Amino acid sequence: NALIASRTPIPVPRIHHVDVSRTVVETGFIVMDFMPGDSWRFLLHPQNKSTSPAEKQQIASRFGQATAQLHCITRSCTREPGAGVVHGLDALERVVSGADCLVTPERIEACRRIACSDPALIMHEESYCVGDGEMHLLCDEQGWQVSFLCDLEYQGYGDPCYDMAPLLCHPEPIW
């Protein structure tokens, strides 16, 4: 949260306490400021009648602008070539291991070799990615604005193209 607050105009809630001990309740939790707004996914949903097509377009634009601001937070690449693709292949391999699937561990390994050797997958700079972060918006006198970003446990640095799959392939695409 501090990184986003210091490097972008995107509001983030102030964190008061983090407890991952599981002694108070059976899960980790964070106590943070309440911030108003609704999730971009809810606001853009085609069946949401509370936002007009013009508002949906403005919301998608604001979401895209905020995503671009996050992607402007960069650092030198610390990953091996193809790391993002390999991470996905590792997850796929865990799912298909021991199962009778068309996707075999041998095919996954062949994809892994390609991902690690393809020059297009060699990054020199990583961008901060949205990941599964929850961006919320609120309508004020100037229209729809990003009101806050939270749920950042799976955010981090990577190829900004990795952000495109969860954003564009979501049931409610942002454009």
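In what follows, the accompanying structure is described. (Residues numbered from 1 in each chain as written. Predicted model: local features only at pLDDT ≥ 70, side-chain atom pairs only at ≥ 80, totals over all residues. Heavy atoms only, no water.)

### Looking at the overall build of the chain
Looking only at helices and strands, the chain has 6 helices and 8 strands in total. Helices and strands appear in the chain in the N-to-C order α-β-β-β-α-α-β-α-α-β-β-β-β-α. Projected onto its principal axes, the C-alpha positions of the chain cover 55 × 45 × 35 Å. Expressed as a percentage of the 175 residues in the chain, the buried residues total 33%. Once local pairs closer than 6 in sequence are excluded, the contacts in the chain between residues at least 24 apart make up 64%. Summed over its atoms, the accessible surface of the chain is roughly 10,700 Å², and 58% of this surface lies on carbon and sulfur atoms. Positive and negative side-chain charges of the chain, numbering 13 and 23 respectively, have mean locations separated by a distance of 2 Å. (Helix = DSSP H or I, 4+ residues; strand = E, 2+ residues; numbered from the N terminus. Buried < 20%, exposed > 50% of the residue type's maximum accessible area, 1.4 Å probe, protein only. Contact = heavy atoms within 4.5 Å. Areas by Shrake-Rupley, 256 points an atom, 1.4 Å probe, with all protein chains shown as cover. Lys, Arg positive; Asp, Glu negative; His and termini not counted. Charge placed at Lys NZ, Arg CZ, Asp CG, Glu CD.)

### Overview of the nonpolar core
The biggest cluster of nonpolar side chains holds 21 residues, and the ones touching the most others in it are Ile4, Ile10, Leu70, Met135, Leu137 and Leu149. Looking at this core, the elements with two or more residues in it are helix H2 (40–44), helix H3 (53–71), strand S6 (134–140) and strand S7 (143–150). Examining the composition of this core, we find that 5 residues originate from one element, H3, more than from any other. Not counting residues within four places of it along the chain, the set of residues in contact with Leu137 comprises Gly37, Asp38, Trp40, Leu43, Ile59, Arg62, Trp144, Gln145, Val146 and Ser147. (Core = buried A, V, L, I, M, F, W, Y, C linked by side-chain atoms within 4.5 Å.)

### Digging into the environment of Lys49
Structurally, Lys49 is set in the loop between H2 and H3. Along the backbone, Lys49 and Cys72 are 23 residues apart, and their C-alpha atoms lie at a distance of 34 Å.

### Brief notes about the pairing of S7
The buried count for S7 comes to 7 of 8 residues, which makes it a mostly enclosed element. Judged from the 7 bridges that link them, S6 and S7 form a sheet pairing that is antiparallel. Across the sheet, residue Cys139 finds its bridge partner in S7, namely Trp144. (Pairing = 2+ DSSP bridges.)

### Remarks on the state of the cysteines
A complete count under the given rule lists 0 disulfides for this structure. Residue Cys77 stays outside any disulfide, its sulfur separated by 11 Å from that of Cys129, the closest cysteine. Taking the relative accessible area as the measure of exposure, Cys77 reaches 22% and is therefore partly exposed. Cys111 forms no disulfide, and the closest cysteine sulfur to it belongs to Cys116, at a distance of 11 Å. (Disulfide = S-S within 2.5 Å.)

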